[in-house]
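Topology and contacts: notes
One letter stands for each residue in the lines below.
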Amino acid sequence: MKWLLWLAALLGTMPLGAQDAAERRNWFKDPFFQIAAQAPRCPVPLGPYLTAAEQRAEAHYRAERGTSCWLAGRCARSNAYAYDQDIARALQARVGALKPLTGSSLWVTVQRRMVFIEGCVPDRRRVAALQAWATAVPDVEQVLVNVSTRPNTRAPYRALTSP
């Protein structure tokens, strides 16, 4: 019985294993959602998923970047990240206006009034439509479209390697 207590105490003080340490989560609850799913071999973007170590490193910078918008007088809200949920809802409500999505697999991440659109499209002409679609939403400060026209090749964005 003593050895069980000793083992439990020892395991409780050990650092996280490599698998646990590399687990990715959306620590800051940034909006991340799919708007099209018609290119089956398209890699899923990493989006807002971070390891615990990345989250710790990012926390200070997020606080600094979030409030700098307000301090500079560019935001009415005290933190640029406070706009993200509203922007995400507006984008989701406008998905029907984005045509055509045929042959595309696309994901959206919203962070600090910036919209990141990543995934696969059948041709580069879709990029301008995606840019215009997201830019039309109030409070969006910048739109970055990073897509591939070849889902079988390496993605031009960081891909999520494990769900």
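Our subject is the structure that appears above.
These figures come from a predicted structure and were not determined experimentally.

This brings us to the environment of Arg124. Its place among the elements puts Arg124 in the loop between strand S3 (114–120) and helix H5 (126–135). Each C-alpha atom of the pair Arg124 and Ser148 lies 8.2 Å from the other, and the pair is 24 residues apart in sequence.

A separate point is the state of the cysteines. Counting across every chain of the model gives two disulfides. In this model, Cys42 is linked to Cys120 through a disulfide, with the two sulfur atoms separated by 2.2 Å. Where Cys42 bonds to Cys120 through sulfur, the torsion about that S-S bond is close to 90 degrees, and the disulfide is right-handed. With a gap of 78 residues between them, Cys42 in the loop between strand S1 (32–37) and helix H3 (52–71) and Cys120 in strand S3 connect regions that are remote in the sequence. With respect to burial, Cys42 and Cys120 carry one shared label: buried. Sulfur-sulfur distance for the disulfide between Cys69 and Cys75 comes to 1.4 Å. For the disulfide bridge between Cys69 and Cys75, the dihedral angle about the S-S bond is near 80 degrees, and by the sign convention the bridge is right-handed. For the pair formed by Cys69 and Cys75, the shared burial category is buried. For the protein chain, the bonded cysteines connect in the pattern 1-4, 2-3 when numbered consecutively along the sequence.

With respect to the helices, strands and loops of the structure, Thr51 is situated in the loop between S1 and H3. When the C-alpha positions of Thr51 and Trp27 are compared, they lie 8.6 Å apart, and in sequence the two are 24 residues distant.

Glancing now at unusual backbone geometry. The linkage connecting Lys99 with the following residue, Pro100, adopts the cis geometry, with an omega of -15 degrees. Tracing the backbone shows Pro100 in the loop between helix H4 (84–93) and strand S2 (105–111). The phi dihedral of Lys29 falls on the positive side, at around 55 degrees, and the residue is not glycine. By the secondary structure assignment, Lys29 is in the loop between helix H2 (18–21) and S1. Owing to a relative accessible area of 62%, Lys29 belongs among the exposed residues under this scheme. The phi angle at Asp139 is positive, at roughly 75 degrees, despite the residue not being glycine. Here Asp139 is to be found in the loop between H5 and strand S4 (142–148).

Here we take up the pairing of S2. In terms of burial, S2 is largely enclosed, as six of its seven residues are buried. Across five bridges, the pairing between S1 and S2 is antiparallel. From the neighbouring strand, Ala37 faces S2, where its bridge partner is Ser105. Direction of pairing for S2 relative to S3: antiparallel, over a ladder of seven bridges.

Moving on: the side chain of Arg62. Summarising the element assignment, Arg62 is placed in helix H3. Separated by 2.9 Å, the side chains of Arg62 and Asp30 make a polar contact.

Rules behind the numbers
Residues numbered from 1 in each chain as written. Predicted model: local features only at pLDDT ≥ 70, side-chain atom pairs only at ≥ 80, totals over all residues. Heavy atoms only, no water. Helix = DSSP H or I, 4+ residues; strand = E, 2+ residues; numbered from the N terminus. Disulfide = S-S within 2.5 Å. Buried < 20%, exposed > 50% of the residue type's maximum accessible area, 1.4 Å probe, protein only. Pairing = 2+ DSSP bridges. Polar contact = N/O pair within 3.5 Å; in protein donor to acceptor, adjacent residues only side chain to side chain.

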